[in-house]
Amino acid sequence: MAPELSQEFDHPTFRLAVAQFDEAAHLMHLDPNLWERLKAPHRSLCVSVPIRLDNGDIKVYRGYRVQHDMSRGPTKGGIRYHPEVCLGEVAALAMWMTWKTALAGVPYGGAKGGVTVNPAMLSPAELERLTRRYIAEISPILGPDKDIPAPDIGTTPQVMAWVMDTYSQQVGYSVPGIVTGKPLAIGGSLGREEATGRGVADITLETLRQDNRSITDATVVIQGFGNVGSHTARLLHQRGARIVAVSDQQGGLYNPEGLDIPAIFAHCTQEKTPVPSLTGFGDRIFNEDLLTLPCQVLIPAAVSEQITEKNAPALSCQYLIEAANGPTTLSADAILQDRGILTVPDILANAGGVIVSYFEWVQDAQRFSWKESDIHARLHEIMTSAFQRMLARSKEKRVSMRMAALMTGIEEVAQAHQCRGLYP
Ligand code: GLU
């Protein structure tokens, strides 16, 4: 019997993360004591973040940092600035980070942070004050050997620079290893910004290869054109894929002949133009319709719970590569499995970000920078070997790739708990 759900984290995304965990724990006959322990985060902190706005008013935001499991090392995970962030969502994302890091073999536990804010509504100065105050509030539980934040939705390398500076000011010396995804000038890593997208592209190629398909014949649809979606599109286009549709929060563009990705990338990332306002590249399309477009590869790279029991029967792809965290609900997952659509789960497909974050943290500790080609090669090696192991395990155990990945991650964490025993 699965242990009860902790009410304080109750939220649809947390329920999804826990339901996936329960299914895997059940399949692998996980020790019931450990099952219960891993079902709720080890530590969670809720803070008030008061800041002075440019007009002189004071506004109070809510911030969170959740550390799900720390049995394998310091905790690791991004900081999300989004108007709908709440404790339950952050707890779900922290749990996924635990399995993701264990599966990739990087020596971390899972964490996540967030502030309930729309960063687009703040001036750069307000954003800086918000970041500094939030970090000051959660700094007792941060540290390069304790918990290391990184970017996520709504946060950037500049935000990470303020994280690094705030923490360093508090301790009185520079601590580059306190955060990853920083600018290069203060100890960031080559290849970190595109790392999640590069990992997604590596996994997409590997997925097609195991079915003897070529990327140059593939049609791809990508939901989300933020850091992850835009680099995924750019790199897959570079390798010869035909990207037929992309979108952001405001809507998308569709062109069955293939979109001019380098031009769209330049407009969206440099000039910050919303995707659907780029006329002349393709037809405008709503986000809901984009998900059901005919294509070989569908890549959700936005927020969670986009593929549900409502649209799963209408999906018209052969492969679903989850670049976002938690894009598929549990019932949709079952429908896709019945329909024979191969899903490469988030904790495998989007692990490139935290893998290169690990490389950044190692370089900071070594005070020695690696070449970009080494970073790409090491990332590729970890991503493709994890993919092959999960594929083999899913075939051998007759389970989905998601269950194979979760069981592998949970097994690593269970082993760490077993060796360490229960304190006191
Ligand atoms: N936010 C990213 C994720 O969801 C990266 C986390 C990190 O680099 O620590 O995996």
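Keep in mind the model is a prediction, meaning the values are calculated, not measured.

A.B. asks: I keep staring at the nonpolar core and nothing clicks. Help me out?
C.D. replies: Inside soluble globular proteins, nonpolar side chains tend to come together where they are buried. Ranked by internal contacts, the top residues of the largest apolar core, which has 93 residues, are F21, L30, W99, L236, I299, I321 and L348. Residue contributions to this core peak at twelve residues, all from helix α3 (residues 87-104). With sequence-adjacent residues up to four places away left out, L348 is seen in contact with L103, I203, M383, A386, F387, M390 and M401. Ranked by size, the runner-up nonpolar core spans 25 residues in total, among them Y61, I135, I138 and L142.

A.B. asks: Sorry, what's going on with the sheet that holds strand β4 (residues 109-116) here?
C.D. replies: In sheet architecture, strand pairing relies on hydrogen bonds along the backbone and comes in two forms, parallel and antiparallel. Strand order in this open sheet of five strands is β1-β2-β4-β3-β5, and the pairing throughout is mixed. Looking at strand neighbours, the two that pair on one side only are β1 (43-52) and β5 (147-151), the edges of this open sheet. Geometrically, the sheet is characterised by an average inter-axis angle of 25° between neighbouring strands, direction not taken into account. With five bridges connecting them, strand β3 (residues 75-82) and β5 associate as parallel partners. Bridging from a neighbouring strand, I79 pairs with P151 of β5.

A.B. asks: Please explain the sheet that holds strand β10 (residues 297-300) as it appears in this structure.
C.D. replies: One open sheet accounts for seven strands, arranged β9-β8-β7-β6-β10-β11-β12; its pairing is mixed. In this open sheet, the two strands that pair with only one neighbour each are β9 (283-285) and β12 (342-344). Across the sheet, the mean angle separating the axes of adjacent strands is 20° when strand polarity is ignored.

A.B. asks: I would appreciate a short explanation of the packing of aromatic side chains in the present structure.
C.D. replies: Aromatic rings considered in pairs are described by the distance between their centres and by the relative angle of their planes. For the structure shown, the criterion picks out seven aromatic pairs. Measuring from ring centre to ring centre gives 5.8 Å for Y108 and Y358, while their planes differ by 90°; the resulting arrangement is edge-to-face. Note that Y108 is positioned in the loop between α3 and β4 and Y358 in helix α12 (residues 352-366), a separation of 250 residues in sequence. Of the residues examined, Y358 reaches a relative accessible area of 21% and is grouped as partly exposed.

A.B. asks: What am I meant to see in the site of the ligand here?
C.D. replies: The full set close to the ligand counts 14 residues, and K76, K100, P151, D152 and S357 are the nearest of them. A distance of 3.0 Å separates a nitrogen atom of the ligand from a polar backbone atom of P151. In the model, an oxygen atom of the ligand is placed 3.2 Å from a nitrogen or oxygen of the N325 side chain. Burial of the ligand by the protein amounts to 95% of the accessible area it has alone, namely 290 Å². Looking at the shell around the ligand, the elements with two or more residues in it are β3, α3, β5 and α12.

A.B. asks: So what exactly am I meant to see when it comes to the packing of helix α4 (residues 124-138) against helix α5 (residues 157-171) here?
C.D. replies: A packed helix pair is summarised by two numbers, namely the angle formed by the two axes and the spacing between the axes. At a minimum axis distance of 9 Å, the contact between α4 and α5 shows a crossing angle of 45°. The angle between the axes of α4 and α5 places the two elements in the oblique class. At the point where α4 passes α5, the crossing takes the right-handed sense. In this structure, α4 contributes P124, L127, E128, T131, R132, I135 and A136 to the contact, and α5 contributes V159, W162, V163, D165, T166, Y167 and Q170. Looking at side-chain class alone, the contact of α4 with α5 contains eight nonpolar, three polar and three charged residues.

A.B. asks: Can you help me understand the pattern of salt bridges in this one?
C.D. replies: Any two side chains of opposite charge can pair, given that their charged atoms come close. In this structure the tally under the stated criterion is 21 salt bridges. A salt bridge links E360 to K182; its shortest N-O distance comes to 2.7 Å. Here E360, found in helix α12, pairs with K182, found in the loop between α5 and α6 (195-210); they are 178 residues apart in sequence, far enough to count as distant. Across the pair, exposure class does not vary: E360 and K182 are buried alike. The salt bridge partner of E206 is R209, with a shortest N-O separation of 2.8 Å. In this pair, E206 and R209 are both assigned in helix α6, three residues apart and thus about one turn of the helix distant. Look at R209 and you get partly exposed, because its relative accessible area is 46%. Taken together, the shared-partner salt bridges connect R80, E89, K112 and D152 into one network.

A.B. asks: Explain α12 to me, please; I cannot follow it from the model alone.
C.D. replies: The terminal C-alpha atoms of α12 lie 21 Å apart, and with 15 residues this matches the ideal 21 Å at 1.5 Å per residue to within 8%. Of all 15 residues in α12, twelve are buried, a share of seventy percent or more. Looking at α12, one finds that the buried residues are G352, G353, V354, I355, V356, S357, F359, E360, W361, V362, Q363 and D364. As for α12, its buried residues are in contact with β3, α3, β5, α6 and α13 (372-397). R367 occupies a position one or two residues after α12 and carries a positive phi of about 55°.

Parameters at a glance
- Residues numbered from 1 in each chain as written.
- Predicted model: local features only at pLDDT ≥ 70, side-chain atom pairs only at ≥ 80, totals over all residues.
- Heavy atoms only, no water.
- Core = buried A, V, L, I, M, F, W, Y, C linked by side-chain atoms within 4.5 Å.
- Buried < 20%, exposed > 50% of the residue type's maximum accessible area, 1.4 Å probe, protein only.
- Helix = DSSP H or I, 4+ residues; strand = E, 2+ residues; numbered from the N terminus.
- Contact = heavy atoms within 4.5 Å.
- Pairing = 2+ DSSP bridges.
- Axes fitted to C-alpha atoms, helices over the stretch in contact; angles between N-to-C directions.
- Phe/Tyr/Trp six-rings, centres within 6.5 Å; stacked < 30°, edge-to-face > 60°.
- Near = heavy atom within 4 Å.
- Polar contact = N/O pair within 3.5 Å; in protein donor to acceptor, adjacent residues only side chain to side chain.
- Areas by Shrake-Rupley, 256 points an atom, 1.4 Å probe, with all protein chains shown as cover.
- Parallel < 35°, antiparallel > 145°, perpendicular 65-115°, else oblique.
- Left-handed = near helix turned anticlockwise from the far one by under 90°.
- Nonpolar A, V, L, I, M, F, W, Y, C, P; charged D, E, K, R; others polar.
- Salt bridge = Lys/Arg side-chain N within 4 Å of Asp/Glu carboxyl O.
- Expected span 1.5 Å × (residues − 1).

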